[in-house]
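# Summary of the model geometry
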Amino acid sequence: MRKNFGAKPLCYPQPVFIIATYGEDGTPDAMNAAWGGISEQNEISMCLGANHKTVSNIQHRKAFTVSMADVSHVVSCDYVGLVSGNHVPDKFSRAGFHAVPSSFVDAPLIEELPIALECRLIEYDSESCRLRGEIVNVSVDERVLDSEGKVDVSQVAPIIFDPFNHDYLSVGPKVGDAFSVGNQLK
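Summary of the structure given here.

Calculation rules
Residues numbered from 1 in each chain as written. Predicted model: local features only at pLDDT ≥ 70, side-chain atom pairs only at ≥ 80, totals over all residues. Heavy atoms only, no water. Buried < 20%, exposed > 50% of the residue type's maximum accessible area, 1.4 Å probe, protein only. Helix = DSSP H or I, 4+ residues; strand = E, 2+ residues; numbered from the N terminus. Pairing = 2+ DSSP bridges. Phe/Tyr/Trp six-rings, centres within 6.5 Å; stacked < 30°, edge-to-face > 60°. Disulfide = S-S within 2.5 Å. Contact = heavy atoms within 4.5 Å.

### Things to note about the pairing of strand β11 (residues 159-162)
Two faces, one strand: in a regular strand the side chains alternate between the faces of the sheet. The alternating pattern of β11 places Ile-159 and Phe-161 on one face and Ile-160 and Asp-162 on the opposite face, and all of these are buried. Pairing analysis gives 4 bridges linking β11 to strand β12 (residues 167-170), with the strands arranged antiparallel. Bridged to Ile-159 within β12 is Ser-170. Hairpin connection between β11 and β12: a loop of 4 residues separates the two successive antiparallel strands, and His-166 in this loop has a positive phi of roughly 55 degrees.

This is the structure in structure tokens:
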């Protein structure tokens, strides 16, 4: 037996993205966004309401970064989703984040979060709230790389959003080799 939940944006996994921008005065800003994902080979799409300070900053600077929230910064990552940069102009620093200028786009990297997509604005549709960004670089802090230079997900410790229960969950252990484990059924 199944239970119907209706037409809602409920799916797993739902990454927790922290969008970082610079304001017109150069002040770093960040927001938590759970509705988004990779939409093309070098493109990310998200649903961000036009009333967010971050959206205004993106439209002004034409750039943003998208960091993956992690277990050790869950409080800070949630905080930047609870308060508005329109009302708390120093929420980036209050969250305990430190800005590092991107070498690729006019937006800050968040020093504490080890993986970030550095993006240029493609378009923003205020009617649908859809933001599209071109990924121009993926930046990874060396502290989460293994001895072979590969990302060690256990060091990253990314979190996901559970839209059914409004929880943050940690990503679990490896369960198989992608594009390989299914070969046993051939």
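### Describing the packing of aromatic side chains
In the structure shown here, the tally under the stated rule is 5 aromatic pairs. With 5.6 Å between their ring centres and 85 degrees between their planes, Phe-5 and Phe-164 make a pair best called edge-to-face. Of this pair, Phe-5 sits in the segment before β1 (14-15) while Phe-164 sits in the loop between β11 and β12; the two residues are 159 residues apart in sequence, bridging distant segments of the chain. Taking the relative accessible area as the measure of exposure, Phe-164 reaches 34% and is therefore partly exposed. Measuring from ring centre to ring centre gives 5.2 Å for Tyr-12 and Phe-164, while their planes differ by 35 degrees; the resulting arrangement is tilted. Linking Tyr-12 in the segment before β1 with Phe-164 in the loop between β11 and β12, this pair joins segments that are 152 residues apart in sequence. Residue classification places Tyr-12 among the partly exposed residues on the basis of a relative accessible area of 45%. These aromatic residues form a ring-pair network of at least three members: Phe-5, Tyr-12 and Phe-164.

### Describing the state of the cysteines
Following the criterion strictly, the structure yields 0 disulfides and no others. Between Cys-11, a free cysteine, and Cys-47, which holds the nearest cysteine sulfur, the sulfur-to-sulfur gap is 14 Å. Residue Cys-11 is classed as partly exposed on the basis of its relative accessible area, which comes to 41%. For Cys-47, which is in no disulfide, the shortest distance to another cysteine sulfur is to Cys-129 and amounts to 5.0 Å. You can call Cys-47 partly exposed: its relative accessible area is 42%.

### Some details on the environment of Ala-50
Mapped onto the elements of the fold, Ala-50 is located in the loop between β5 (43-47) and α1 (53-61). According to the relative accessible area criterion, Ala-50 is partly exposed, its value standing at 43%. Separated by 78 residues in sequence, Ala-50 and Ser-128 have C-alpha atoms that sit 9.4 Å apart. The residues contacting Ala-50, other than those within four sequence positions of it, are Val-55, Tyr-124, Ser-126 and Cys-129.

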